[in-house]
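Single-letter residue listing:
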Protein chains: 2
Amino acid sequence: MAPKDIVYVNGAFVPRAEARVSVEDRGFVFGDGVYEVLRIINGRPFAARFHNERLRRSLEGIRISLAGKETPESLTEIGRHLLEENGLLQGEATMYMQVTRGAATRAHNFPPPEIQPTVYISVARFTPYSDLALNGASAITHPDLRWGRCDLKTLNLLPNILASQAAKERGTFEAMLIRDGVVTEGTKTNFFGVLDGTLRTHPCDDHILPGITRSILSELARELNVDLEETPIQASEIPLLSELFLSGTTTDVMPVVTLDNKPVGNGKPGEVTRKLQRVLAESLASGGD
Amino acid sequence: MAPKDIVYVNGAFVPRAEARVSVEDRGFVFGDGVYEVLRIINGRPFAARFHNERLRRSLEGIRISLAGKETPESLTEIGRHLLEENGLLQGEATMYMQVTRGAATRAHNFPPPEIQPTVYISVARFTPYSDLALNGASAITHPDLRWGRCDLKTLNLLPNILASQAAKERGTFEAMLIRDGVVTEGTKTNFFGVLDGTLRTHPCDDHILPGITRSILSELARELNVDLEETPIQASEIPLLSELFLSGTTTDVMPVVTLDNKPVGNGKPGEVTRKLQRVLAESLASGGD
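Residues numbered from 1 in each chain as written. Chains lettered and ligands numbered in written order. Predicted model: local features only at pLDDT ≥ 70, side-chain atom pairs only at ≥ 80, totals over all residues. Heavy atoms only, no water.

Undergrad: Hey, could you run me through helix H2 (residues 48-61) of chain A in this one?
TA: Three or four residues apart is the spacing at which side chains of an α-helix point the same way, because the helix has 3.6 residues per turn. Residues and elements named next belong to chain A. Taking 1.5 Å as the rise per residue, H2 with 14 residues should run 20 Å; its terminal C-alpha atoms sit 19 Å apart, in good agreement. Looking only at H2, the buried set comprises Ala48, His51, Asn52, Arg54, Leu55, Ser58 and Leu59. Down the axis of H2, the buried set is contained in an arc of 165 degrees. They therefore lie on one face. Next to the buried residues of H2 lie strand E4 (33-41), strand E5 (44-45), helix H3 (72-85), strand E6 (92-100) and helix H6 (212-223). (Helix = DSSP H or I, 4+ residues; strand = E, 2+ residues; numbered from the N terminus. Expected span 1.5 Å × (residues − 1). Buried < 20%, exposed > 50% of the residue type's maximum accessible area, 1.4 Å probe, protein only. Arc of directions from axis to C-beta. Contact = heavy atoms within 4.5 Å.)

Undergrad: Would you mind showing me how to read the relation of the copies chain A and chain B here?
TA: Mapping one chain copy onto the other needs a rotation about an axis and a shift along that axis. When chain A is fitted onto chain B, the two copies agree to an RMSD of 0.0 Å after a turn of 180 degrees and an axial shift of 0.0 Å. Taken together, the rotation and translation relating the two chain copies correspond to the operation of a two-fold axis. When the interface residues of chain A are mapped onto chain B, 100% of them again fall at the interface, so both copies present the same face. (Least-squares fit on C-alpha atoms with pLDDT ≥ 70 in both.)

Undergrad: Sorry, what's going on with the nonpolar core here?
TA: Counting residues in each nonpolar core, the largest one holds 86 residues, and the members touching the most others are Leu75(A), Ile121(A), Leu75(B) and Ile121(B). For Leu75(B), the residues in contact, after removing those within four places along its chain, are Leu55(B), Leu66(B), Glu70(B), Met97(B), Val99(B), Val119(B) and Ile121(B). (Core = buried A, V, L, I, M, F, W, Y, C linked by side-chain atoms within 4.5 Å.)

Undergrad: Is there a simple way to explain the interface of chain A and chain B in this structure?
TA: Bring the parts together and some accessible area is lost; that lost area is often taken as the interface size. Opposite the 51 residues of chain A that make contact, chain B presents 51 residues. Summing the contributions of chain A and of chain B, the shared interface buries around 4,400 Å²; its carbon and sulfur component is 64%. One salt bridge connects Arg63(A) with Glu169(B), and the closest N-O pair in it is separated by 2.7 Å. The greatest single-element share of the side of chain A that touches chain B, amounting to 9 residues, is contributed by helix H5 (residues 158-169) of chain A. Grouping the amino acids of the side of chain A that touches chain B by side-chain chemistry returns 21 nonpolar, 16 polar and 14 charged. In this structure, strand E3 (residues 20-22) of chain A lies alongside strand E3 (residues 20-22) of chain B, joined through 3 bridges in antiparallel fashion. Across the sheet, residue Ser22(A) finds its bridge partner in E3(B), namely Arg20(B). (Buried area = accessible area lost by both parts, 1.4 Å probe. Salt bridge = Lys/Arg side-chain N within 4 Å of Asp/Glu carboxyl O. Nonpolar A, V, L, I, M, F, W, Y, C, P; charged D, E, K, R; others polar. Pairing = 2+ DSSP bridges.)

Undergrad: Help me out: how do you make sense of the sheet that holds strand E7 (residues 118-125) of chain B in this one?
TA: To summarise the sheet geometry, strands pair through backbone hydrogen bonds and adopt either a parallel or an antiparallel arrangement. All names here are of chain B. The strand order E2-E1-E7-E6-E4-E5 describes an open sheet built from 6 strands, whose pairing is antiparallel. The two strands at the open ends of the sheet, each matched to only one other strand, are strand E2 (12-15) and strand E5 (44-45). Of the strand pairs in this sheet, strand E4 (residues 33-41) and strand E6 (residues 92-100) are connected by 9 bridges, and their pairing is antiparallel. Within E6, the residue paired with glycine 33 across the bridge is threonine 100.

Undergrad: Mind showing me how you'd approach the packing of helix H2 (residues 48-61) of chain B against helix H3 (residues 72-85) of chain B here?
TA: For any two helices packed against each other, the geometry comes down to the angle between their axes and how far apart the axes lie. Residue and element names in this part refer to chain B. Two elements in contact, H2 and H3, have axes whose closest approach is 9 Å; the angle formed by their N-to-C orientations is 125 degrees. Put simply, H2 runs oblique to H3. With respect to the hand of their crossing, H2 and H3 are arranged in right-handed fashion. Residues Asn52, Leu55 and Arg56 of H2 pack against Pro72, Glu73, Leu75 and Thr76 of H3. Residue classes in the contact of H2 with H3 are distributed as 3 nonpolar, 2 polar and 2 charged. (Axes fitted to C-alpha atoms, helices over the stretch in contact; angles between N-to-C directions. Parallel < 35°, antiparallel > 145°, perpendicular 65-115°, else oblique. Left-handed = near helix turned anticlockwise from the far one by under 90°.)

Undergrad: Got a minute to help me understand the pairing of strand E11 (residues 190-195) of chain A in this structure?
TA: Along any regular strand, the residues point their side chains to alternate faces of the sheet. Residue and element names in this part refer to chain A. Among the 6 residues in E11, 6 count as buried, and that is most of the element. Sheet topology note: the E11/strand E14 (residues 243-248) ladder contains 5 bridges and is antiparallel. Paired with valine 194 across the strands is glutamate 243, a residue of E14. The loop that links E11 with its antiparallel partner strand E12 (residues 198-201) comprises 2 residues; one of these, aspartate 196, has a positive phi angle of about 50 degrees.

Undergrad: Even after reading the chapter, I still don't get the pattern of salt bridges, so can you show me in this structure?
TA: It is possible for side chains bearing opposite charge to pair when their charged atoms get close. All names here are of chain A. Taken as a whole, this structure holds 38 salt bridges over all chains when the rule is applied. For glutamate 73, the salt bridge goes to arginine 56, with nearest N and O atoms at 2.5 Å. Placement of the pair is glutamate 73 in helix H3 and arginine 56 in helix H2, with a sequence separation of 17 residues. Arginine 56 gets classed as partly exposed once you look at its relative accessible area, which sits at 32%. The network of salt bridges with common partners includes Asp144, Arg146, Arg179 and Glu185.

Undergrad: Mind showing me how you'd approach the pairing of strand E11 (residues 190-195) of chain B here?
TA: Residues and elements named next belong to chain B. Burial of the side chains of E11 extends over both faces: Asn190, Phe192 and Val194 are buried on one face and Phe191, Gly193 and Leu195 on the other. By the bridge criterion, 4 bridges tie E11 to strand E12 (residues 198-201) in an arrangement that is antiparallel. Residue phenylalanine 192 lies in a different strand from E12, and its bridge partner there is threonine 201.

Rendered as structure tokens:
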């Protein structure tokens, strides 16, 4: 028997293939919504507290209010139920939670207050990128064309899609986005680099998503007495990097050993990268928060 | 009997209230699509050729290929059928055409080639803003937070929504977006201003949508021997404007007589504005192209 594939849409648990929303949903016509992706290990959402906090912040950032008694926590509970329903309580999985401003006659302005947000939650089996994490991935640089509020995790993802596809077509794993001569982040990851022995990453501002793995790694680096500076890496400093890696909920710590067809450092995953890979793996195995 | 309200989704003509798309549609999860809004007068789409051309350009810009024999023109034909079905062959209406990259397992990269785009077409009764056009509207200035490809008419409209809502909450009609000290355009309109007797508007580049009404008005201005320069209006020049107006498919020529609570010029629609209102109305009445 094939595993069940049940998702949640607005109060109903339905097979994925039958799950539908109105063509007037503001997600569909405007990308007017926000989302989170959680890492699930043996049925337990990793760092759920941080994801729920960020979902709350994204909702506030674009001024969507959840309906009635719904909270990010209650949506995560629904996600847990989906894990059970879909037989995903063992091993690795992801949980996707999306909230849009609901379905209403198309108009840019917010719909009337009686319009309820649309909630969509889905879970899926996940296989970590183990081989790539061992050997290192390649990446390209790409112009950062995104809007001015990249700190909100919204559905307006076209620039991310186009850059991600450009990376794929160049046979690489990720695009390193460059805005005004500075490395901001990836299309779905944050970036860390090692320069003159110091670990560096872009500070949290409007130009990057405050990554949860980024934040956990920063804490772990401090515990390991790794010198960490939240100073952006300049595009002009890329040739000087001895190590480079991505971080993300499903990416963990991913060494970047080739950038724009040139080796990074000695072309192998570096020492700081390996250390952080190890301690993050331990944190994931222990269930995190 | 209530008028019918039939829309088109992926080959089917269905009542709007029953029209649905998959939760995995890339429109719904990514805003991964493009659209057009056409003005319909007595069943005839105004400037259809230009809208179809722009839809083709937007599709190419984000690399969506229509399925099989579909073209922007064939979609407009479906829209014409909807006008008939919904009893909108007389008077004013709008036609909305949207194409997304289709429904597929969520991943930033483009889906496999067998995934067909989703087409959604809808028509509705339209009432022009006649009183406002007569007396003039008010507007606010607002930071332009949009991405780097505003020349493509995509579904990634969150910055437009937030600025439009800000304008509404200040009791105004539109937000005039300012990027790097320059007026780019509105959330759903282009802007023209008169300064020292010269009509000025932002040139066509990545920071504005090449508006079809903008283009028609530029042509009409030339025919009227109105001095027109495609030189952006600086935010610092706003106090010097003698006239200001918006242009758009459903906005026509809309005088802006109050900006950020201050009168523009003498606080009444100006002479150039009135002239262009008149000739655009004639063009609309005659069916345009």
